[in-house]
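Report on the structure
Spelled out from the first residue to the last, the chains are:
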Amino acid sequence: MNTKLTLRLDSNLIKFAKQYSAKTGKPLSRIVADLFIIIKNETLKDQDEFTPIVNSLRGILKKSNISEKDYKKYLEEKYL
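In this text, all values refer to a predicted model and were calculated from it rather than measured experimentally. (Residues numbered from 1 in each chain as written. Predicted model: local features only at pLDDT ≥ 70, side-chain atom pairs only at ≥ 80, totals over all residues. Heavy atoms only, no water.)

A word on the overall build of the protein chain. When helices and strands are counted, the protein chain shows four helices and zero strands. Along the protein chain, from the amino end to the carboxyl end, the secondary structure elements read α-α-α-α. With the principal axes as the frame, the protein chain shows a C-alpha extent of 65 × 30 × 25 Å. When each of the 80 residues of the protein chain is scored for burial, the buried share is 1%. The distance from the centre of the 16 positive side-chain charges to the centre of the 10 negative ones in the protein chain is 10 Å. (Helix = DSSP H or I, 4+ residues; strand = E, 2+ residues; numbered from the N terminus. Buried < 20%, exposed > 50% of the residue type's maximum accessible area, 1.4 Å probe, protein only. Lys, Arg positive; Asp, Glu negative; His and termini not counted. Charge placed at Lys NZ, Arg CZ, Asp CG, Glu CD.)

Next up, the structure:
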């Protein structure tokens, strides 16, 4: 189902987009839709890079007092 979308953009950008549309033979709506598809695919790709377990752990230490320096010290003590 297609739905109408109104965009407010800089007039120079609109002018460029119309020129690009004429040059490529693609309607502006198709160009915008293609961009949205690219954004959607990139978002899905980013989410798929990690396993569900890793995703559940992401950001878990954000509010902790553990720093990168602490982590390096831990690794040195463990392996050196």
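There is more to say after this.
Glancing now at the side chain of S21. When you line up the elements, S21 lands in helix α1 (residues 11–24). Under the relative-accessibility criterion, S21 is labelled buried at 13%. In contact with S21, other than residues within four places in its own chain, are K26, P27, L28 and I31. (Contact = heavy atoms within 4.5 Å.)

Scanning the entire structure with this criterion turns up three salt bridges. With a closest N to O distance of 3.5 Å, E68 and K72 form a salt bridge. Of this pair, E68 and K72 both sit in helix α4 (residues 68–79), four residues apart, which is roughly one turn of the helix. Residue classification places K72 among the partly exposed residues on the basis of a relative accessible area of 47%. Beyond isolated ion pairs, a larger network of salt bridges with shared partners links K26, R30 and D34. (Salt bridge = Lys/Arg side-chain N within 4 Å of Asp/Glu carboxyl O.)

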